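# Structure at a glance
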Amino acid sequence: MSAYDELAARWQRVMMPNYGTPPVALVQGKGCRVWDADGKDYLDLLAGIAVSSLGHAHPAVVDAVSHQVATLAHTSNLYLHEPGLRLAERLTGLLDTAAEARVFFCSTGTEANEAALKLVLRHGSTIGRRRIVAADHGFHGRTLGALSLTGKASIREPFGPYGTDVVFVPYGDAQALAAAVDEHTVAVLLETTQGEAGVVPPPEGYLVAAREICDATGTLLWLDEVQSAIGRTGYWYAHQADGVLPDMLTLAKGLGGGLPIGACIGIGPAATAFQRGDHGSTFGGNLVSVSAALAVLDTIEADGLLDHVREVGATFAAGLAAVEHPLLAGVRGRGLWLALVLTDDVSAVVEQYARAAGFLVNAVAPDAIRLAPPLVITAQECREFVDALPGVLAGAQQQLDTARVGP
């Protein structure tokens, strides 16, 4: 029995079945590579779903976390600490605005969106509005509040009904958005790029149109950047590429470089909508995660990773787009957040063959493979996958052809 088989058997005995049994058991990582329990190594092109922004075992994160946990690991929200203040100052300082901005720290992206939902409703209670407009195929989390805003019926409907008044419109359709926003609407919720839908960027001008629609109707613009912020697209915040500014911004994933941290940022009127006691989090903004996040921001800045992401991401996308195979329809995305678009619903098979070839990717949608490697990935490491992709697709095609022909 392999080491994986033993671990998988233990998993199946004690873990709830919501994830199934993962196909790989990882035990170590360094840079952009990880190793499984049987010693096989992989180029990590997923980074823990856009989380491990500096890769694995990055010295800056290791040092920051080790020092902090040996000094003071946790205080709860009953006491303040300077590193948390410094991180909030950094995050608000990275925004392109002179308006007041304030931060609430939590532990996950879902929690950040839950906080933003309560912030919206608190603001709405003062102006007599409650309805939220969100996008079809959007994803904002799996707790009940966040799930009520998620435009994927397959995961939302089994847990309804919900108490939140939400209208869903097609993502990227500015006309449909304008028609849905009225005097009852308190906020518009959009992803800067739809992540779980298959890394679907907005059409040119869509976010600008959303900002204009919200301004014209006195509606808050809430942008979910849980996956896209902190350098993932080559900008501190992905919305900066479009020249817009939201009223609320939610972050998580890459902010902590592997440590759990989320943030809800309110800007302008949303900055002070919460009153004392309206919300809280025991672990949110804990010293260890905050220290990791500060190390991530320092390293991105010191190492010029925003420029690196734009340059390497463009080269990576061009290399992938140049691969010719009947299963590959194209590439979409921005920076180091890309999707291979497939001509058939075969992403699970492609993921399987990529893994066998030593690459961790994600079948994020039936016809899309998500690529979200660490921001420190090199052009040469990207080239490894580009060079291997024809073989990966050929293997997937052969399996599909065999299945269609039958025994």
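Notes on the structure follow. (Residues numbered from 1 in each chain as written. Predicted model: local features only at pLDDT ≥ 70, side-chain atom pairs only at ≥ 80, totals over all residues. Heavy atoms only, no water.)

## Observations concerning the sheet that holds strand β14 (residues 362–365)
This is how the line gets drawn: Only when DSSP finds a minimum of two bridges between them are two strands counted as paired. In this text, helices come from DSSP runs of H or I with a minimum length of four residues, and strands from runs of E with a minimum of two, each type numbered from the N-terminal end. A fitted line through C-alpha atoms serves as each axis, taken over the contacting stretch for helices, and the angle formed by two N-to-C directions is quoted from 0 to 180°. Whether two residues are in contact is decided by their heavy atoms: any pair within 4.5 Å suffices.
A sheet is described by the order of its strands in space; here four strands give the open sequence β11-β12-β15-β14, paired in antiparallel fashion. The outermost strands of the open sheet, each flanked by one partner alone, are β11 (328–334) and β14. For this sheet the average axis-to-axis angle between neighbouring strands, irrespective of direction, equals 30°. Here β11 pairs with strand β12 (residues 337–342) via six bridges, running antiparallel. Bridging from a neighbouring strand, G330 pairs with V341 of β12. Across the sheet, helix α12 (residues 347–356) is in contact with β12, β14 and β15 (368–371); its angle to β14 comes to roughly 165°.

## Some words on the pattern of salt bridges
Here is the rule: The salt bridge definition used is simple: a Lys or Arg side-chain nitrogen within 4 Å of an Asp or Glu carboxyl oxygen.
Taken as a whole and assessed by the stated rule, the structure comprises 15 salt bridges. Here R90 and D298 are joined by a salt bridge, their closest N and O atoms 2.8 Å apart. One end of the pair, R90, is in helix α4 (residues 82–93); the other, D298, is in helix α10 (residues 287–302), with 208 residues separating them in the sequence. A single salt-bridge network, built from bridges that share partners, covers R90, D298 and E301.

## Structural notes on α12
Formally: Burial classification: accessible surface area is computed with a 1.4 Å probe over protein chains only, and a residue below 20% of its type maximum counts as buried, one above 50% as exposed, and the rest as partly exposed.
What α12 keeps buried is the set S347, V349, V350, E351, A354 and R355. Looking at the buried positions of α12, the neighbouring elements they touch are β3 (41–44), β12, β13 (359–360), β14, β15 and α13 (379–405). Phi for G358, located one or two positions after α12, is positive at around 100°.

## A closer look at the sheet that holds strand β5 (residues 131–135)
As summarised here, the arrangement of the seven strands in space is β4-β10-β9-β8-β7-β5-β6, forming an open sheet in which the pairing is mixed. Single-partner strands in this sheet number two, and they are β4 (101–106) and β6 (166–169). For this sheet, the mean inter-axis angle between neighbouring strands, taken without regard to orientation, is 20°. The pairing of strand β9 (residues 248–251) with strand β10 (residues 262–267) spans four bridges and is antiparallel. Across the sheet, T250 pairs through a bridge with C264, a residue of β10. Sheet strands touched by helix α9 (residues 206–217): β7 (185–191) and β8 (220–224). Its angle to β8, the strand with the most contacts, is close to 150°.

## Quick notes on unusual backbone geometry
Cis geometry marks the peptide bond from G160 to P161, where omega comes out at 0°. With respect to the helices, strands and loops of the structure, P161 is situated in the loop between α7 (153–156) and β6. Backbone geometry places A47, a non-glycine residue, at a positive phi of 55°. Tracing the backbone shows A47 in helix α2 (residues 47–50). Judged by its relative accessible area of 0%, A47 falls in the buried class. Located in the positive-phi region is S76, a residue other than glycine, with phi close to 70°. Its place among the elements puts S76 in the loop between α3 (59–69) and α4.

## Let's talk about the nonpolar core
In plain terms, the rule: Within this scheme, the nonpolar core is defined by two criteria: the residues are buried Ala, Val, Leu, Ile, Met, Phe, Trp, Tyr or Cys, and they are joined through side-chain atoms within 4.5 Å.
Core analysis: the largest hydrophobic core is formed by 82 residues, its most contacted members being L91, L190, Y237, L371 and F385. The element best represented in this core is α10, accounting for nine residues. C106, A112, V120 and L149 belong to the second-largest nonpolar core, a separate cluster that totals 21 residues.

Treat this as a map of the structure, not an account of what it does.
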